[in-house]
Amino acid sequence: MAGSSRTVFEHKREMTKSVEQFAAQLDSGDSQILADLCHFDDWQRQRQGRPFLPDTVDDVAIRSYLLHLKLSGASRSILQRTIASLKCFYDWAQANHVIAKSPFDSFDLNRPLLSREQIRRREETRFANPTDREIVHLWALNQLAEHLNRCADIRTLLDTVVETLVKVMGLKTAWAFLWTKAGLHTATGTADPPHDFALAACCGLPPGLERDNRRYLCQPPDCHCQVLLRNDQLVRAVNIVECTRLQDSTRHAGDTEGLLFHATVPLISQNRPVGLINVATEQWEFLSPADLQFLSAAGSQVASSLERARLFDLVERQRTHLEQELEMARAVQKSLLPTHPPNIPGFALVADWRSARQVAGDFYDFLSLPDGRWGLVLADVSGKGAPAALYMAMTRSLIRSEANRHTNPAAVLKEVNRRLLVESSNEMFVTVFYAILDPFERLLTYANAGHDPPLLRRASGGVERLASGGLIMGLFEPFTLSDEKLSLETGDTLLAYTDGLTDSVNHQDEDYGHTRLADTLSSAPFAAQDILAHILKDLETFAGPVPQPDDITLLVLTSDWALGIVATF
């Protein structure tokens, strides 16, 4: 607030100095010039909420002030005198380097003025009474709001806006620019503009603006309204902007159908300009204060929708980029899993891995060990998604490293736990079932670190759970774990799985559970691949369309019943 007050004080001091210097060079008979200037200054203060400072682009303010005087009952002679007084002040300001250029040098401010009666008749031509006008304006704003709420495409949004404004206001021409600085132009589908304002939509352009691929609307330099927007001098809808692009087209023999001026509504989102909309007319007095209020309301709606569309587009780009990265991560993670199960004499082995998201915390692995032995790993990292996947990759690497240094599963997992505590500082953990199969001795030596105990189906059909084992890995030290041994007879089946299988639910929120899994395994066929298919089919029947809540991994080892090499991924 202190900074704002200081700015106002500086403006006021500068204006006082300019007026004093201007007044000092006036003759005693020129008091009316100073009075006209002071009236203009008062009007500017009320309109802008701050002291007035002369500027090169003040033609819009001057024309708006003249229209204000005319609608207030000022005669033509008073209007002409006011124009002369203001011209005298601006010429002095230019000569004394207060401004670089006078607006009277660039713009014709002496055009014939419509009378109040002519303005009234124009309004009556469009609407029988002010109530009708307000009803139409409210209807149009309501229609715009409904459309803008549904539309995320910026080009379609702006096309509808300019068409609606032209129709409601009884005009024939409108166009919209987006300031590329605001980051919206790429969403319009247009090519990169030759400067930083992109033509985003248009309606009813005269031939002079349509020709040469709308060159006079697209080419540099800035048109007058763009200069105003760029310099923060356009904060609401303004009337009677002399169109420099229409002038340029006319100078090159373009047919502009008599269009000379336009009103401009800035598109301002979160206190920053993002673009503007112009509606053109043959006479600068055409738009009433009610029209400008309607334009400002429409501009506010459009700016909010553009910001929403920008954020939507940004989120979509980020989402697409993230999905692409996750898909690449999934491919990398899948490449870490075994491509095919090993060919183990007297045994068949199959596995299935299904992630709940693009990447998973579950993994399995097959390790070739000395003397024809094989290491079988099934693990489940806490959580899901990318963090679990990264932790999974680290755990897998540590297990592979330690499996080459230790001959028994418990020693491997103890060392992996120690290294996880050293190398990871987060609160994540992992459960691991690690077994070493000696196919010649038909012996399975295993250690279980907090993992759901695998199920063993004997050849007789009975199903039992293996020993529970020790603590989860990655959180605790000291870490105690022991090896267990299991002799596998002909016809035995071992099923290892992650808890995503038993925690799966149906539409009644019932768990698949350990009991159903044991029953399903008991009734399954004898071949490893058929057992896996039987369990997955039963799970699909149970869960139906309910989304998979967690990663699911299964590993099936059979003795003698299948000697082929089969795997599904």
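Higher on the page you've got the structure.
We now turn to the structure provided with this report.

Rules used throughout
Residues numbered from 1 in each chain as written. Predicted model: local features only at pLDDT ≥ 70, side-chain atom pairs only at ≥ 80, totals over all residues. Heavy atoms only, no water. Helix = DSSP H or I, 4+ residues; strand = E, 2+ residues; numbered from the N terminus. Contact = heavy atoms within 4.5 Å. Areas by Shrake-Rupley, 256 points an atom, 1.4 Å probe, with all protein chains shown as cover. Buried < 20%, exposed > 50% of the residue type's maximum accessible area, 1.4 Å probe, protein only. Pairing = 2+ DSSP bridges. Axes fitted to C-alpha atoms, helices over the stretch in contact; angles between N-to-C directions. Parallel < 35°, antiparallel > 145°, perpendicular 65-115°, else oblique. Left-handed = near helix turned anticlockwise from the far one by under 90°. Nonpolar A, V, L, I, M, F, W, Y, C, P; charged D, E, K, R; others polar. Arc of directions from axis to C-beta. Salt bridge = Lys/Arg side-chain N within 4 Å of Asp/Glu carboxyl O. Phe/Tyr/Trp six-rings, centres within 6.5 Å; stacked < 30°, edge-to-face > 60°. Lys NZ or Arg CZ within 6 Å of the ring centre and 35° of its normal. Core = buried A, V, L, I, M, F, W, Y, C linked by side-chain atoms within 4.5 Å.

### Regarding the overall build of the protein chain
Counting secondary structure elements, the protein chain contains 17 helices and 15 strands. Once local pairs closer than 6 in sequence are excluded, the contacts in the protein chain between residues at least 24 apart make up 71%. Carbon together with sulfur atoms contributes 52% to the accessible area of the protein chain, which is approximately 26000 Å² in total.

### Thoughts on the pairing of strand E1 (residues 173-179)
Within E1, 7 of the 7 residues are buried, which leaves the element mostly enclosed by the surrounding structure. Along E1, one buried face is formed by Thr173, Trp175, Phe177 and Trp179 and the opposite face, lined by Ala174, Ala176 and Leu178, is buried too. In this structure, E1 lies alongside strand E5 (residues 272-281), joined through 6 bridges in antiparallel fashion. Note on E5: the bridge partner recorded for Ala174 is Val279. Bridge count for E1 against strand E2 (residues 197-203) is 6 bridges, and the pairing is antiparallel. Bridge pairing links Leu178 to Ala198 in E2.

### Describing the packing of helix H3 (residues 59-71) against helix H4 (residues 76-95)
Where H3 meets H4, the closest approach of the two axes is 11 Å, and the angle between their N-to-C directions is 155 degrees. With respect to their mutual orientation, H3 and H4 come out roughly antiparallel. As for the relative orientation of H3 and H4, their crossing is right-handed in sense. Residues Ile62, Tyr65, Leu66, Leu69 and Lys70 of H3 pack against Leu79, Thr82, Ile83, Leu86 and Tyr90 of H4. In terms of residue class, the contact of H3 with H4 is built from 8 nonpolar, 1 polar and 1 charged.

### A word on the side chain of Asp550
Examined against the element boundaries, Asp550 turns out to sit in the loop between helix H17 (528-543) and strand E15 (552-559). When residues no more than four places from it in sequence are discounted, the contact partners of Asp550 are Ala356, Lys384, Asp499 and Gly500.

### Here's the deal with the pairing of E5
Taken residue by residue, a regular strand's side chains alternate between the two faces of the sheet. Across the 10 residues of E5, 9 count as buried, placing the element largely inside the fold. Across 9 bridges, the pairing between strand E4 (residues 261-269) and E5 is antiparallel. In the sheet register, His262 faces E5, and the bridge partner there is Ala280. Count of turn residues in the E4/E5 antiparallel hairpin: 2 residues, of which Gln270 carries a positive phi of about 55 degrees.

### What about the packing of helix H13 (residues 385-403) against helix H14 (residues 409-423)?
The N-to-C vectors of H13 and H14 enclose an angle of 135 degrees; their axes lie 9 Å apart at closest approach. Taken together, the axes of H13 and H14 lie oblique to each other. In terms of crossing hand, the pair formed by H13 and H14 is right-handed. On H14, the residues touching Tyr391, Met394, Thr395, Leu398, Ile399, Ser401, Glu402 and Ala403 of H13 are Val412, Glu415, Val416, Arg419, Leu420 and Glu423.

### Overview of the sheet that holds strand E3 (residues 238-242)
Taken in spatial order, the 5 strands line up as E2-E1-E5-E4-E3 in an open sheet, and their pairing is antiparallel. The outermost strands of the open sheet, each flanked by one partner alone, are E2 and E3. For this sheet, the mean inter-axis angle between neighbouring strands, taken without regard to orientation, is 30 degrees. Docked against the sheet, H3 engages E3 and E4, running at close to 125 degrees with respect to E3. Where helix H9 (residues 207-218) meets the sheet, its contacts fall on E1 and E2, and the angle it forms with E2 comes to roughly 135 degrees.

### Overview of the environment of Leu376
By the secondary structure assignment, Leu376 is in strand E8 (residues 374-381). When the C-alpha positions of Leu376 and Tyr446 are compared, they lie 9.0 Å apart, and in sequence the two are 70 residues distant. Residues in contact with Leu376, not counting those within four places in the same chain, are Leu349, Asp365, Phe366, Phe433, Tyr434, Ala435 and Leu557.

### Observations regarding unusual backbone geometry
Along the chain, Pro220 connects to Pro221 via a cis peptide bond; the corresponding omega equals 0 degrees. The peptide bond linking Glu477 to Pro478 adopts the cis configuration, its omega dihedral lying at 10 degrees. The phi torsion at Asp212 lies on the positive side, around 55 degrees, for a residue other than glycine. You can see Asp212 is positioned in helix H9.

### Focus: helix H11 (residues 244-251)
Residues spaced three or four apart along an α-helix point in a common direction, a consequence of the helix completing one turn every 3.6 residues. Along H11, the residues that are buried comprise Arg245, Leu246, Asp248 and Ser249. The buried residues of H11 occupy an angular sector of 160 degrees when the element is viewed end-on, so they sit on one face. In the core, the buried residues of H11 are packed alongside E1, H9, helix H10 (224-230) and E4. Ala253 lies just past H11 and shows a positive phi near 65 degrees.

### Overview of the pattern of salt bridges
Scanning the entire structure with this criterion turns up 24 salt bridges. Arg419 is the salt-bridge partner of Glu423, the closest N and O atoms lying 3.5 Å from each other. With Glu423 and Arg419 both in helix H14, this residue pair falls 4 residues apart, about one helical turn. What makes Glu423 partly exposed here is its relative accessible area of 43%. Each member of the salt-bridge network shares a partner with another, and the members are Glu402, Arg405, Arg419 and Glu423.

### Regarding the packing of aromatic side chains
This structure, assessed with the given rule, holds 13 aromatic pairs. Taking the centre distance of 5.2 Å and the plane angle of 50 degrees together, the rings of Trp43 and Tyr65 count as tilted. With Trp43 in helix H2 (residues 31-48) and Tyr65 in helix H3, this residue pair connects regions lying 22 residues apart in the sequence. Each member of the pair, Trp43 as well as Tyr65, carries the same accessibility label: buried. A connected cluster of aromatic rings, assembled from ring pairs, spans Phe22, Phe89, Tyr90, Trp92 and Phe104. Positioned over the ring face of Tyr216 is Arg215, at 4.5 Å from the centre of the ring.

### Considering the nonpolar core
In terms of nonpolar packing, the biggest core is built from 52 residues, with Leu413, Val430, Val432, Tyr434, Met473, Leu488 and Leu557 touching the most fellow members. Not counting chain neighbours up to four residues away, the residues in contact with Met473 comprise Tyr391, Leu413, Val416, Asn417, Leu420, Phe429, Val430, Val432, Ala449 and Phe479. Core analysis: the next-biggest nonpolar cluster, separate from the first, contains 38 residues, Ala140, Val162, Met169 and Leu171 among them.

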